[in-house]
Every structure is written in structure tokens, then in C-alpha cells.
4 protein chains.
Amino acid sequence: MASDQHANPKSDIDIAQAATLKPIQEIGDKLGIPASSLEPYGHTKAKLNFDFIDGLADRPDGKLILVTAMTPTPAGEGKTTTTVGLGDALNQIGKNAMSCLREPSLGPCFGMKGGAAGGGYAQVVPMEDINLHFTGDMHAIGVANNLLAAAIDNHVYWGNDLAIDPRRIAWRRAVDMNDRALRDIVVSLGGVANGFPRQDGFDITVASEIMAIFCLARSIDDLKRRLGNIVIGYTRARDPVTAEQVGVSGAMAAVLKDAIKPNLVQTLENNPVFVHGGPFANIAHGCNSVLATQVALKLCDYVVTEAGFGADLGAEKFFDIKCRKAGLAPDCTVIVATVRALKMHGGVAKDALGAENLEALKAGCDNLVRHIENMKKYGVPVVVSVNAFSSDTEAEHKLIQEVVAGQGAKAVIADHWARGGEGAREAAETVVATIETQSADFKPL
Amino acid sequence: MASDQHANPKSDIDIAQAATLKPIQEIGDKLGIPASSLEPYGHTKAKLNFDFIDGLADRPDGKLILVTAMTPTPAGEGKTTTTVGLGDALNQIGKNAMSCLREPSLGPCFGMKGGAAGGGYAQVVPMEDINLHFTGDMHAIGVANNLLAAAIDNHVYWGNDLAIDPRRIAWRRAVDMNDRALRDIVVSLGGVANGFPRQDGFDITVASEIMAIFCLARSIDDLKRRLGNIVIGYTRARDPVTAEQVGVSGAMAAVLKDAIKPNLVQTLENNPVFVHGGPFANIAHGCNSVLATQVALKLCDYVVTEAGFGADLGAEKFFDIKCRKAGLAPDCTVIVATVRALKMHGGVAKDALGAENLEALKAGCDNLVRHIENMKKYGVPVVVSVNAFSSDTEAEHKLIQEVVAGQGAKAVIADHWARGGEGAREAAETVVATIETQSADFKPL
Amino acid sequence: MASDQHANPKSDIDIAQAATLKPIQEIGDKLGIPASSLEPYGHTKAKLNFDFIDGLADRPDGKLILVTAMTPTPAGEGKTTTTVGLGDALNQIGKNAMSCLREPSLGPCFGMKGGAAGGGYAQVVPMEDINLHFTGDMHAIGVANNLLAAAIDNHVYWGNDLAIDPRRIAWRRAVDMNDRALRDIVVSLGGVANGFPRQDGFDITVASEIMAIFCLARSIDDLKRRLGNIVIGYTRARDPVTAEQVGVSGAMAAVLKDAIKPNLVQTLENNPVFVHGGPFANIAHGCNSVLATQVALKLCDYVVTEAGFGADLGAEKFFDIKCRKAGLAPDCTVIVATVRALKMHGGVAKDALGAENLEALKAGCDNLVRHIENMKKYGVPVVVSVNAFSSDTEAEHKLIQEVVAGQGAKAVIADHWARGGEGAREAAETVVATIETQSADFKPL
Amino acid sequence: MASDQHANPKSDIDIAQAATLKPIQEIGDKLGIPASSLEPYGHTKAKLNFDFIDGLADRPDGKLILVTAMTPTPAGEGKTTTTVGLGDALNQIGKNAMSCLREPSLGPCFGMKGGAAGGGYAQVVPMEDINLHFTGDMHAIGVANNLLAAAIDNHVYWGNDLAIDPRRIAWRRAVDMNDRALRDIVVSLGGVANGFPRQDGFDITVASEIMAIFCLARSIDDLKRRLGNIVIGYTRARDPVTAEQVGVSGAMAAVLKDAIKPNLVQTLENNPVFVHGGPFANIAHGCNSVLATQVALKLCDYVVTEAGFGADLGAEKFFDIKCRKAGLAPDCTVIVATVRALKMHGGVAKDALGAENLEALKAGCDNLVRHIENMKKYGVPVVVSVNAFSSDTEAEHKLIQEVVAGQGAKAVIADHWARGGEGAREAAETVVATIETQSADFKPL
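Now for a description of the structure that goes with this document. (Residues numbered from 1 in each chain as written. Chains lettered and ligands numbered in written order. Predicted model: local features only at pLDDT ≥ 70, side-chain atom pairs only at ≥ 80, totals over all residues. Heavy atoms only, no water.)

## Points about the relation of the copies chain C and chain D
Look at the two chain copies: a rotation about an axis and a shift along it is all it takes to match them. Each copy of the sequence occupies a distinct position, and chain C is placed on chain D by a rotation of 180° and an axial shift of 0.0 Å, giving an RMSD of 0.1 Å. The operation mapping one copy onto its partner corresponds to a two-fold rotation axis. Proximity to the rotation axis, assessed at the C-alpha, singles out Tyr41(C) in chain C; its C-alpha lies 2.2 Å from the axis. In this assembly the copies share their binding face: 100% of the residues contributing to the interface of chain C also contribute to that of chain D. (Least-squares fit on C-alpha atoms with pLDDT ≥ 70 in both. Contact = heavy atoms within 4.5 Å.)

## Quick notes on the relation of the copies chain D and chain A
The two copies are related by a screw operation: chain D maps onto chain A through 179° of rotation and 0.1 Å of translation along the axis, at an RMSD of 0.1 Å. Of all interface residues in chain D, 100% are interface residues in chain A too; the two copies therefore contact each other through one and the same surface.

## A look at the pattern of salt bridges
All told, the structure shown has 85 salt bridges over all chains when counted by the stated rule. For Asp129(A), the salt bridge is made with Lys257(B), and the minimal N-O distance between the two is 3.7 Å. Here Asp129(A) is found in helix α6 (residues 127-131), whereas its partner Lys257(B) is found in the loop between α11 (249-255) and β14 (263-267) on a different chain. The partner of Lys261(B) in a salt bridge is Asp258(B), with the nearest N and O atoms 2.9 Å apart. Like Lys261(B), the residue Asp258(B) is buried in the burial classification. Each of the salt bridges in this network shares a partner with another, and the network as a whole consists of Glu39(A), Lys257(A), Asp258(A), Lys261(A), Lys45(B) and Asp129(B). (Salt bridge = Lys/Arg side-chain N within 4 Å of Asp/Glu carboxyl O. Helix = DSSP H or I, 4+ residues; strand = E, 2+ residues; numbered from the N terminus. Buried < 20%, exposed > 50% of the residue type's maximum accessible area, 1.4 Å probe, protein only.)

## Details of the interface of chain D and chain A
At the interface, 19 residues of chain D touch 19 residues of chain A. Carbon and sulfur atoms make up 61% of the surface buried where chain D meets chain A, a total of about 1500 Å² over both sides. Looking at the side of chain D that touches chain A, the elements with two or more residues in it are α7 (137-157), β7 (164-169) and β10 (198-200) of chain D. The biggest single contributor to the side of chain D that touches chain A is β7(D), with four residues. For the side of chain D that touches chain A, the class distribution of residues is nine nonpolar, five polar and five charged. (Buried area = accessible area lost by both parts, 1.4 Å probe. Nonpolar A, V, L, I, M, F, W, Y, C, P; charged D, E, K, R; others polar.)

## A word on the sheet that holds strand β13 (residues 240-242) of chain C
All names here are of chain C. One open sheet accounts for three strands, arranged β7-β12-β13; its pairing is antiparallel. This sheet does not close on itself; its edge strands, each paired only once, are β7 (164-169) and β13. Here the strands of the sheet are splayed against their neighbours by 50° on average, with no regard to which way each runs. The sheet contact formed by strand β12 (residues 231-235) and β13 spans three bridges and is antiparallel. Within β13, the position partnered with Val231 by the bridge is Thr242. (Pairing = 2+ DSSP bridges. Axes fitted to C-alpha atoms, helices over the stretch in contact; angles between N-to-C directions.)

## Here we look at the pairing of strand β12 (residues 231-235) of chain A
Residues and elements named next belong to chain A. The sheet contact formed by strand β7 (residues 164-169) and β12 spans two bridges and is antiparallel. Bridge pairing in β12 links Ile164 to Thr235. Count of turn residues in the β12/strand β13 (residues 240-242) antiparallel hairpin: four residues, of which Arg238 carries a positive phi of about 70°.

## A short note on the side chain of Asn263(D)
All names here are of chain D. Tracing the chain through its elements places Asn263 in strand β14 (residues 263-267). Note on Asn263: relative accessible area 0%, which makes it buried. Here the side chain of Asn263 touches Lys47 through a polar contact of 2.9 Å, side chain to side chain. Looking at Asn263, its side chain comes within polar contact range of the side chain of Thr135, at 2.7 Å. Setting aside residues no more than four positions away along its own chain, Asn263 makes contact with Ala46, Lys47, Glu103, Phe134, Thr135, Asp137, Val273, Phe274, Val275 and His276. (Polar contact = N/O pair within 3.5 Å; in protein donor to acceptor, adjacent residues only side chain to side chain.)

## A look at the packing of helix α8 (residues 209-216) of chain D against helix α9 (residues 220-228) of chain D
Packed helices, taken two at a time, are described by the angle between their axes plus the distance between the axes. Residue and element names in this part refer to chain D. At a minimum axis distance of 9 Å, the contact between α8 and α9 shows a crossing angle of 145°. You can see that α8 and α9 cross each other, and the crossing is right-handed. Judged by residue contacts, Ile210, Ile213, Phe214 and Leu216 of α8 engage Asp222, Leu223, Arg226 and Leu227 from α9. Residue composition of the contact of α8 with α9, grouped by class: six nonpolar, no polar and two charged. (Left-handed = near helix turned anticlockwise from the far one by under 90°.)

## Considerations on the sheet that holds strand β13 (residues 240-242) of chain B
Residues and elements named next belong to chain B. The antiparallel open sheet is built from three strands, whose spatial order is β7-β12-β13. The outermost strands of the open sheet, each flanked by one partner alone, are β7 (164-169) and β13. Pairs of neighbouring strands in the sheet enclose a mean axial angle of 50°, with direction left out of account.

## Brief notes about the environment of Gly277(A)
Residues and elements named next belong to chain A. Here Gly277 lies in the loop between β15 (272-275) and α12 (290-299). A relative accessible area of 0% places Gly277 in the buried class. Taking the C-alpha atoms as reference, Gly277 lies 23 Å from Ile13; in sequence the two are 264 residues apart. Leave out the neighbours within four places in its chain, and Gly277 touches Leu101, Arg102, Glu103, Met211, Phe214, Cys215, Cys287, Asn288 and Ser289.

## A short note on the packing of helix α7 (residues 137-157) of chain B against helix α8 (residues 209-216) of chain B
Residue and element names in this part refer to chain B. For the pair α7 and α8, the least separation of the axes is 9 Å and the interaxial angle reads 120°. It follows that α7 is oblique to α8 by the angle criterion. In the crossing of α7 with α8, the sense of the turn from one axis to the other is right-handed. Seen from α7, the contacting residues are Met138, Ile141, Ala144 and Asn145; seen from α8, they are Ile210, Met211 and Phe214. Of the residues belonging to the contact of α7 with α8, the class tally is six nonpolar, one polar and no charged. (Parallel < 35°, antiparallel > 145°, perpendicular 65-115°, else oblique.)

See the structure below:
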């Protein structure tokens, strides 16, 4: 969400730096996590130990709320902001609730994208740390990725017992940076001692298969098993070769032993948030880690999480991959929409979005309607949350609510960006009411 | 130091895992560091904040003891073990003392070398963490290195206003891993969008110039200035181009803002140790950070530190580069020797080192004598610490002591490997007496 | 044409080596070329000098006959054989005639393809020389191609006044060999002195743009102008850069000064043949040089030439590119067909082609009919020449003749493979009669 | 030899183009070569057939005269000019004589060096042809070189039965051009179908091992055997692999079947010259082909040939490699010197060489004296030929003659550059007298 949602706002970074953070153990205390199980990283970040996690197995699960969106436009929608704001609002209306977010890649941060910790008064803090090294998860994933890569070339170098065809090595290296120079490279030049030359390349770390695996693993053992199953390439006879065969999956799991522990931080309103795992939505499933979501469900009555891109891509991956693989059953789907984006879908140019245009808005609502229809097929009740901008008119909000009502769902206007959890109370109440009145019957497609 | 120094020992890792560690704040308390200034990384590692460091300026400095060694052999000497053991022993005899060590590279750990946290009962803990991700310093240095590399290629890509000659870019990329495939590569293949192809390569992170700079910086501002001065390559007219000109030194400093804070851990005897910075001794100066050493001198009466390789290479770099640049004045030089290594210098084969051989020992002592002579030229008094092995004989120890006495110095027998600080008490007492009776007059060459 | 057209044949090479060749000057004498204008290359190959060529301008042109084919199949058609056999047959029936062929690439000769000098008793000799170095044309074209490539890299190396973007250099190198290793390479590695690294590759020489240009040039001056117009790449601003701008087109023309002279050889029946130029039909126009064809038309009353692939690709390129650019007006189009290939188009498997199958043959004739229709659109009368095999039956031949007659054209059975010009006399007579009775009105599309 | 040897000269190319060449068969007639054994390449170049060569075996050998030089300087010496002029002069004084020269590489011609056909009035013609494609030898050698290279990569591609280690392929590709971009390259990029990537490079064709072999071969069979023995690389176990094992030496010999035949051309005075083979003197032996020299010795009473660089490098290679391997026994060694070069060795700057300076000349003569001493060790009598310049003074010539006389040898002043054979008559007479009076006793070192 851009920081210019309203006239004359403070910037995200100003708001974040002005925040009063509580020591992370106080946040842990709220969730019943003892100090011995909460490993601090500085005073306001922590990782949750497995001795504690392993003891949660028999607890009942809270309600799982997915935040997704209409088809994105350059005008912005506000999924992360809504996820954070809804979590704060649920706490405001007295619920035991928390949010689960993805952790950002350093790569796009140094590139064009902003960070991924919400915006306005619906942010997760310490924002700068989260956007930089955070607790080192991204580094560990990069190391695990590159350890496998080095082990493959090393295996070929020392006799190549597995008969890997160097031309058919599919495992690429990773770097947590947008570095065009490394996309397509030739390695192992310089003579016999540097191995067998071949074409290779670096992907951004969040696009590594390790990140996708990491976010689907339910435990360290499960992670190790999944790492071992990675197909790293093929023999000349085109038989697949796995990381297990290369003999490096144990070391990779060791490298990831801390990274796999969920990271605890807080919102501006000092409510707990897990920020853990962040596979790219375009090439992987684009959701935070299964482990963080599962732990959150054991610790809270309401857990709000999000999926990348629009509902057609992100929510479907969340349902069909993450939920199905992890045995999760969501209870409510919140579709984020904005007046501006709907008008854009209705044909209005970006610089004319400030003016009321009910006709274009109506036309653009076709997009929203279709997403509602799609989401309903999963058997989970839908709420629409309109992320309010100062340029919106009442007539526009009313029109959206009418259209959504026509789909048998409710649209609420949410103003968490400007007012924090206070601004999303109606949304929170609507979600709670929806969950209590419409029982979900989740079925992945 | 190999773990087979004596018959039937427990392995280093067994000893380390059996240790009873104190919460890192307790170690900080010993040094007078308030909780607000000690950022925990888990329960037994921490970083020291600059608000505290900046307040130390007016305190007097403690005594600085350098641990160096005779010319290394495959038989092992024990510099790190002696540094740790001497620190523990100084504490045992009632002194306010701590050690300063280099932090290890993950690269050689996955390769052939052991970690770098001492051995036997003279270790720094938590050993596994220190040898793996530790507090993320190595990752941050790698990111800073590669951020500069990416910025250079990016600058060339977007019009190359600085007229950098792509063939004369001297800045290489870095990875914290022994990866022969990346030593000599060609980057930016794959078409126009990936930039201008050129030969490049990755160095191991500890060999990055960033690491050398990092260890010489006295403050964040000094670090930023030094980063800006890096020569990244040359124009076609062979004019140098700096990181400052590329416009990326500020971002690099931001990436390093946490890494630059000294890391506090403890010995097996719960005495404080700074483990911070670790440039390769072969291509850089091979000492821990100036910042850690300076802070330690403000916090303790005695600070023990080490330098890589033998005295001729490592100690001289310590004196001529680190001390001169940082304005440090060492008070005592401890040269580590072993009976086995001296016999090897005297011509004994590795598998015959177990038998007493006074003649070979005497011949090998030439090496030790020369190092003593060299060290004296720096105006700092010398003590020889003989790192005892169970196969050593009394006659051998006595012979070394006679030879060293002939040089006007004292040789003590130290057994910290087997007995911790207790085993190095005589060494500690000798060092203290030497400092008190022989005033150093340090002059770099 | 495979050498197994009939049972118990002598191989092409046996026939070629048993041939009695006349001194090339005797062949030249037949065409009225004085010894001073015929440069010998050994005793049976020669190049025609421009002093002689330039004197031909005012002579009238002979009749131009194009040999093309139905859609090719693995069963073989025999275009080159027909071109040679028809030339011999025209001489047999008393006409002053010669053929013009493409010169073969050494590349495919060392690879899978046979040479390109006809087959059976309809061959051009000396076959081995023609298939190996011949008169050096292919080498000269390769040198011209690579001289331009070297000049481009040299220009970039020495300051790059033209601001060529190394990533946008489109000119590739050439080698007269099938060498997969050279298709995709990186050049200029090894340091500053070797230039700016970039991706490059080698094409087979016959696929070089130089070869295409060479075959369209009407004179040395025209060649030089065309060479200068080659676009070798683009600047960063995407402006094209030409060989002329690089300053190398003069040197390229000098390298080609002998190659551009038509090569004279002879058939097994000692009739003259020009074998000159041979661009790949897949990426260029696939015909012999314009110069050779033009000179032949000045020297003979009938000139037979061929175009690569089937009529839809090869003949259309001949008409639309070569004839239009060179101002040539063909007088008759001969479409080569075989019973076997027609049956294959009719659905018969390769190993069942030996048996009579009139139904399949009839179905397959659809292909031939369509080619006849297409060729007629160019305003040039069509003759079909059935290249006879010993397994053909009379009923099959008759069926083809009926189908072709239905199109208003005549199909003749030709047996030059087994009997030389004697076997193609009817074809020759039909072509002559067609030219005399049906006046062509050539119009390229 | 630069064309500015004297004031106001005609340029080499002007002189060459003004020459009246005889038909090559007339030159052949002088040597007794029948037309059937002389394959023309144009009217003034020809190759000598093996049917004729094979019939020469029983003839006696003529006298062999080597032209070498003092240590070269930028001032120029004139070895090739002397070789040509001496041949013409021997003919002038009534001897049956010819010269044997190396054939030039196209590469340096397009680069900085001039051609290699002599200069002034001591030239070989047709100069431009010789410097361009000549009779295609260089092309054929390049093809043979690259055929082997392609066959190696092809062998690795199709299963690599010989277990060639791609990193240890030592055989490089060749191109007859100075192309810095191709010196250090990576090949076989672009995917599985293009083979296994590896570092490779192109040498200039004259530096190919094929060229060195070509020039040492005594017959086609010997050539084929030598080609088969080429070590193309090594297996992983470091066992050598040969071209014979790769199965390509037969095809390579076929490619070279015409190239191996000696090339006959003529001097400006219409005397016969063999120009055949030209390995680089820096990396190979730097002499023309053994075959040409052997045939010349059968056809003439006196054969003049040259070796690259100065006597210490070129003549020694000629004696120790070419003569020893081919069983040749030279009869006289001519050392070329110039006043200018001797003065330069004596310390005079290049732009001051025009003035008489006897002192510097005397000092520079040390160089000449040493070469005389060295040459004498081979048991072959020495003559010094001073290549005269218009700026030389009589006193200078006299001084050289005195110094040389002091070594027991004779120095003659030669002016063939300005006057052709006429200018080298004294040299010719001296050489003949030397051979007749001092019998050589050749012994390679």
C-alpha cells in the first residue's frame, strides 16, 4: 500500500519509527510463551523454540481467516494492510487474535518494491529490521540452496559416481538480491581445479525451491525429507538425481535449523504477528510458512493470513497447495477491494481516479463479483473489505455494498490505514459474525 | 587445535555441548553492560550497542596481550586455545580480563578446516552457533559485498556515466562457502537485458575487502568513509572509480549497521569473549575487529587477542597494520610453541613425533629463537607459552625453557587444553609479571 | 539422389572416378572462352575472368529453364540429377546448352549429407574436388565473413567511435564445418587485451549473409556495395551500424575478388557446367550465383538451373528473389517427381515403396497437382519430369502422365541416372517444344 | 624489409605489379617438370604432383644454403630479400639455382606485418596472390585443424568412449586471421544439443601443430602418421589421447592432399621459387616445408632457404629440428647484417641511424661476431651478407668486413634490393667459392 493513501499522511517509516514497541517477551507472554522458549533477536524480534511448539499438538485450532484481493492494479489494494489491521481490530473487539505474514526479500527492497510490513497505521514493527536481515532466515535459505549447488559441482568434480550430466544439472544458485548479471552465467572456468564448465545462474532467494519447501514443511524432519527429495538434475540417460543421493540434505537441514523456527514480532498496537517464510507468488505458492500458521492456530482463536496476488492466483494456491498439503481448513475469506482499483477495472485512467465515477465503478465491479463467485466454490464464506481512500465518495461505497449484497455477501468499509485497528472494527465484527453464522465446508478443488 | 592432543579425551563438541552456559546478560553484567545496550541473539550471544560504546571513550585502556606463534606445522600449535586459556587463567588469578577472537567463516567449516572457537577445555561457546550463522555478520558482509557488485553492473547497464571499463572492474562477488565453481565465471550472459558480459568470480566472504575494512573501522562513520574509498575498477583511461562514485556506500553501511557491533559470548568458564570480524590472514591482516579490541580495552584490565599464521606474517600484520592504524599499543607478546612442532622443524617426521628427541628439538628451536628476535624488534616484551601434549617429556620442556632463557625471555608450560584456565595460571602470572616489570615501547616498523 | 536407384549400380564415386575428363580449356573452347580468360585450378577446373565476362553484355540471352520438385520425401526426387541430365540431353539433341549448379558446403559433406554434384550417370566432375576445397570460394567467403567479425570487435576495442553496443552486435562468425561446439560461444575472455567479452557463435559458411549477397551480386562493384550495406549491429540507441561504417567492406571485396568469378567444370559427357555459389535454401534463397546464370545465358541457347527444396519454397525464392533482383526471365519450369515419392505422399510406408500401388499413387498426385498450379501462377510453362526407378511400373508412369495431362501439362519419363543424357532426351525435346510453343510471361508475385 | 631502403624507391607493390611474369609452365620447364605434373592455379602459380616427386628419389642432391641473420632490430635486416636476391644472383652467374620460402599467413597481412615475398627488386610474384589465398594451403590446414577439433567435441558428445576429460582437451581451433576475440573463448553453450561447455580458443593457423607437422612430413603417408600421433588431450586419469584414437587422422590427411604439394612461383627475374609451408618461428621451427626443400635439392644445384628470427633462434631450429628430422645437410650459412642494425645494437637511436658512426658500429658488431661463432659450431662454413642501404658509408662497410675477417669469414656487400640479382653477384660468387673450398661437416647439436 502506497503511503499516499490520504492527503498529508505521515510516511510509513515515520509512523514506524515513532512507534512504542514492547519487549518481545511481553508479546510472547500474551501468547503464553515462556522466556526459555522464546529466543530473542534484539529486543523486539524472537524465534519460537520447538520444545514449546512440540507441546502444542493437542490444543484445538482457532479460526483461520484468509485475506485475498480482487485483481491487482497499479492503484493498489492493501492486502497486507488489511491483514494487519484486521488482526488489530479483532484484538480491539476483545478477541484473542494474531496475523501471519510473509517475510520480505532483501532483493526487491534494494530494487523497486517497498518492504512488506503493511503501511499507515496498520504496520508490523520493527519495520526496518524486518526489511533488512531480520532474523537471518533468508540468509540461511540462500546458504542451504548454495550448499546444495556446491555439493553437486563437487560431486561431479570428484569422480561423479552418480553420473550426473553436467549439461542437465537443473539446480541453480541463489542470491538475496536483484542482480541481473547473475541470471545467466558460465561457471567453473579457469582450469582443471575449478571443475567442469557449465551454464548456470542465480535466482533470487525467495524463488529458490528451498523457500517453497521450507514453507510447506511441518517439522524439521519433514523439512529434511523434502530437501532430500529435490531433483537436482539428470544423468546422461535422463534418470533423475536427488539431493539425498548427493549426500547433502542433512547438512542443508542443519543450516536451516534456526530459520525454520517462526519469527514473532508485533503490530503498532503491540499485538503479536508471525512473519515467517516468503516464497514468490509467481513461481511458488506465495504464502507464509505452514509452521507459523499452525502454531498461530494453536495459540489464538482467530488467525488472519494473506496470500499473494489476486484471489484467482494467490487464494487458489493457498487453498489448493498450502491448505491441502498442511490439512488446514479456512473459516472465512476476506476479499480486499478499493474504489480506485474497481474504477480502473471499469476503464478509468490512473490520473482520473480521484473523481467520483459510478458508472465506471459499476463496470469494474464485474471483476469483484467474479472473484466472489470463485471463492465461494471452495466452501468458505466470503466478506468484502473495502480499503477506504480519502477520495472515495459515500455513493461509491454504497454502490459496492449493493453489488456485493447481490452476491449474498457483505461489504464493509475499512479505514485501518488511517486509524489502525479502530478503522477495521466493523470488518472484524463482520468476519466474526460470518464465521459464527456461516459454517465453512472447505474443499480444495 | 586437533582434539587428540591427549589420549582418551572427550571431543571438542562433546565438551562444548556439556558446558553450562550463563545467560549472556550475566556475562554482560560482569563487564558493566546494561541490558538495554546488549542486544540478545538467542540466550547466549549478544551484540553491544553503540550508545554504550560511545560512552566509553574517556575510560583508560587495559593491557593488550598478543598471542602469536612459531612457524606453523601440520602438528598444530594452539594459538586460539592459548588465547582462550590465557583469558580464563587471568580471570582465575583475579584479574579483570577477556579475550578477543576472530569469527569463523562458514566456508571452511563445510570444507576441511575445523571451526575457530578453541578446543579442549579452552573453548568459546555456543560453539556450533559461532561456527554456523552466529549473529549474521558474515551474511551481512557478503550482502554488502554483493550489493556493491550489483550496483557496479547496474551502473554500467544504465548508461555508465562513470565510463567504467567493464574489463577493468576489479570488484568481485563473495560467497561464504568453498565453491570452486564460482572462482572464475562469466556473468551477464543471456541477452541485452542481463547487461554486458564480463569475467568475474566469487571470493570467500572472509577474503572480501569489506571484511578487511570492517575490521579496521573505528565507528560506523569511519566504516562508511572506508567503504566509499574502495576502488572498484578503472575507466578506459585507467582512472580509478570508487564505491562512493557508484553511489552505493551509504546502502552498504546500512547493510552493515548491526554487523559492526561487537559480539559477546563466553568461555567454558563463563568469562567474556568478543568474537568479531575475521579477515583471511593470507590476503588481509588476519585479526579480529579494531572495534572489539578497543571496547575490550575499555572494559577490562587485560585483553588477550591473537593474529593469524606465525609471528613473521600474522604478528607483523597485527603490529604494522591493525595497531598502527588503530593507535593500539600492545604490552606483551606471547609466542606459542609446541614440542611436537619444534621437533618437526628439527627434521622429525609426523608419525615419529611421539618419541623424545632432544637433538631434533634443539635444532627446531632455531625457528622459535628467530621469532623471539623478530618480535623484540617491536619493543614489546616476549613470553613463550609451550602448549603441552601428553607425549611431551620433562626433558623436552626443560630444553625449550633453557633455549628461551638464553634469549632473555621466559618459557612457561601451559596445559589449558586439558585443564582450562587452571592449566594456564603460570602463563597468566608470567604475562602479568612481565607487563609489570618490563614496560613496552611499541614501535611499528 | 541415392546411388541405389537401380539394382546393381556402380556407386557415384566409382562412376566419377572412371570418367574421362577433358582439359578444362577444351570445355572453355566449346563456349568460346579464350585461354587467357580462363584461369585453371588444376587441369579440370577453372574460373572465368571478368575481362571476358564484361565483353558479353551485348549478346542476347539464351532460354532459362528452372528445375524444381514436388514436396521432398526421404524417398528422394533427383533435382540435381535432372538438372545435369537435362543439360546433357539438350546437348545430345544438338542444342548449345549448359547447366548451372550450386557449389557444396564442406560442412555437410563431413557430416551426414552426400555431396552436391548429381549422381549415377548424370554427374558433374571432378566430383571429389568439387566436394572438398574446389576453387576456394567457400574459404574466401568464410574469410570475408570473419574479417568483418574481427573488424567489428577491433573497432570496439580501439575506442568504439561508432558506439556499437557489444550486446547488440548481430554479425556472427562462420566456419565451413558442422561444429556444434561453436554455435553458442562467449568470446573475448582472458583479460583487457582480448577485448570486451560477449556472446557470439559460428554459422556454417553457406548460411553466412556474405554467401547470400555473393550470389545476388551482378559484379564486383555491386558486391562491394552490398557488403557495405550489411547491418552488423546496433548502437545503444538502437541505430543500425553497417560494414561500410566499420570501414572493412573494401577489404572484404578484395578477399572475394577471385571467388566471385564463375567456376567452370564439366559433366560426365564433357558438357560445360557452372558450379558457383551455394546459399542455404532454408535461410537464404538457395540458388547458384546470379553471375554464373547470367554468363551462361550469354554463352548458351539453353541454360538449366535448379533451386533448393520443393517448388513452394525453392522455386518461389528463385522467382521472387533471384529472378526479380537480377532481372532474369525463366522460360520453362521443370517439376521433378518420382513414383516412390508420390506413393509416399499417398500414404505408403518407406519399406513398401517397391510394390505397385496405383491408389496410393493417385492420392499422392494431389501434391504434384498443387505444385503445378502454383508454378503456373508465375506465367512460366510447366513440364513434369518423372525420375525413373527400376521398381516403377508402366501403369504407374501412365497414371502420372494422365494426371499431369489433366493439368494441361506434359509429364515425361526420364532415365538419365542410368543412361546419362540419352535417358533424358524426351525430356529435353519436350522442354524445347514447350519453350517454342508456349511463350512465357514471367511475373514474380 | 621496409620499402624505404633507399631514397625515392618504387614501392614493393608497384615493382611487383610492373613485373613481367612468365606462364608457370615455362618456369616448370626450366626445372624439367612436365605439364601433366604441374597443376596450375591461375597462370602463374602451380603445385607439383607426387607422381613427379616420387620419381626424383634417386637423383643427387644440390647444395643447401641457409640464410639467417644477426639479432633482429626495428631497423630491419632483409633475410627474405637476401634469400630471393641470392637465388637470382646464382642464376645470373650461371648456376642452376632456386630459393625456398615460407608462405605467408593472411592473418598478419590484414594486421600489422607486410607480406612475406621479399621486397624491392628481390621479390617473388604474383605477390598479392601469395599474400592472399595463394593456392589454398592455409585454408586446408585450418580445415584440418578444425576438423580434428570438431571431431573431439563430437566424440565427447556421443558418449565419450575414450573418456576424454573435457577440461584436459589441449587441441585448440585455428583461424587464419589476427582475431583477439577468439583467443580465449567458452564453447558449447546453449544447451544439451551443443555439447559440453569448456574453455577453448583459436590460434592463428600458422601456429597450428598441423602446420608444424605439415612442414616436417616427407610424404602423404608420413603426414598421415604424424597427424595420427597428435596428442589432443588427456583422460581424467591423465592418459594421453591421440587424433588416431579419435578416428579422424585419415580425413585430415584427405583434406591436406593438395596442400602438401609444393607451390611453384617465380622471382621478378623469372627464376623458380618454392613457397610452401610457414610455421610460426616463435612456437614452431619457422622454416618452409621439408618436402619443398627436398624436391628443390633434387631439381637444382644450389638451393637457398631461410629460417625465421635471428641465428640463435631460427637457424638453430633449422639445424636441430628441420635438418636433423629430414636428414638434410646444409653446405653454407649466410648471416645477413645491416649497418643500421649493427649501429642500433651499438646504442644508436632509431632516428639517428642515418649518420656514420663507426664507434657504435664497432660496438654493435659484437652481436654479429657472436652469431658467427655460434653458427660455426654446426660445422657449416659462414658468409656474412651486408644488406646495403643508401645511407651506409664505405667506411662502415669496410669496418664490418674487417671484423668479419677477424672471425675467419668473409663479409660481402649486397645490393639486390635496389638492383636484383645483379646486386648480389658477389655474394653468390662468395657462397659458391666457400662451398667449393670449405667442405661442410654438419652436426646438429
